[in-house]
Amino acid sequence: LAQLYSAQQYPEKVTAPQVSATCRTLLDELLDGRGAEVLNNPLHHLSIITARGVGALARSDGQRWREMAGFLGAAAGNLLARSQLAKAMERVIFHHQHDQGEWLREDFDAFHAHFVGLSDANLRDALLASGSIPLVLQAVNGIAGAPQGPYWDGGLIDYHLHLPYQRDAGLVLYPHFSDYIVP
């Protein structure tokens, strides 16, 4: 992943569709015939957190000005209270077939959550959505098995991942811009 990521090249005036296409190619090369290893691993259960646009963000239709307006409205609501951001986005968690994410299913904040089983049909789209930064990449639409709508990086809601970890009896690991583990 690091090699593929660092080898990306873009023209000077890059567009969101160009970045999205490059990232799709990157995922294709990374997973090339190995998606089943991720989906069927008996020990490591991948969960992918995404943000699905609702309200004005659901109606952006890929038009940059509508997306910008939707995110400006979401940011304004978030300035008032984090719970207001839930009017613009909801959490969608794509999960491993043997991990139903029970510890996340009971409400713990204002965000509605959907749970979608990972499959060969949605793995690449879920991964792409989880890194789709608004206005840099296009929203991912039409993810198999998931509610309709535009999907972006789950960090829009959960950047600091303040999730109810105490509910999970297991160990939760996630990479987050650090080379060491912080308890």
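Scroll up for the structure.
The rules behind these values
- Residues numbered from 1 in each chain as written.
- Predicted model: local features only at pLDDT ≥ 70, side-chain atom pairs only at ≥ 80, totals over all residues.
- Heavy atoms only, no water.
- Helix = DSSP H or I, 4+ residues; strand = E, 2+ residues; numbered from the N terminus.
- Rg over C-alpha atoms; globule rule 2.2 N^0.38 Å.
- Buried < 20%, exposed > 50% of the residue type's maximum accessible area, 1.4 Å probe, protein only.
- Core = buried A, V, L, I, M, F, W, Y, C linked by side-chain atoms within 4.5 Å.
- Contact = heavy atoms within 4.5 Å.
- Expected span 1.5 Å × (residues − 1).
- Arc of directions from axis to C-beta.

Topic: the overall build of the protein
Inference 1: Each helix and strand counted, the protein has seven helices and four strands in total.
Inference 2: Reading the helices (α) and strands (β) of the protein from amino to carboxyl end gives α-α-α-β-α-β-α-β-α-β-α.
Inference 3: Since a compact globule built from 183 residues should have a radius of gyration of about 16 Å, the 17 Å found for the protein is in line with a globular shape.
Inference 4: When the backbone C-alpha atoms are referred to their principal axes, the protein occupies close to 45 × 40 × 35 Å.
Inference 5: The proportion of buried residues among the 183 residues of the protein is 35%.

Some words on the nonpolar core
Inference 1: By size, the foremost hydrophobic cluster in this structure holds 19 residues, and its most contacted members are F94, L118, I143 and Y151.
Inference 2: At the level of elements, α2 (16-31), β2 (89-95) and α6 (123-130) are the ones that each hand at least two residues to this core.
Inference 3: Not counting chain neighbours up to four residues away, the residues in contact with I143 comprise F94, N122, D125, A129 and Y151.
Inference 4: The next biggest cluster of nonpolar side chains, apart from the first, holds eleven residues, and it includes A74, L85, A139 and I157.

Some remarks on α2
Inference 1: The first and last C-alpha atoms of α2 sit 22 Å apart over 16 residues, in line with the 22 Å expected at 1.5 Å per residue.
Inference 2: Listed as buried for α2 are A16, V19, S20, C23, L26, L27 and L31. Angularly, the buried residues of α2 cover 120° about the axis, an arc narrow enough to put them on a single face.
Inference 3: Against the buried residues of α2 lie α1 (2-6), α3 (35-39) and α6.
Inference 4: Positive backbone phi, approximately 75°, marks G33, located one or two places after α2.

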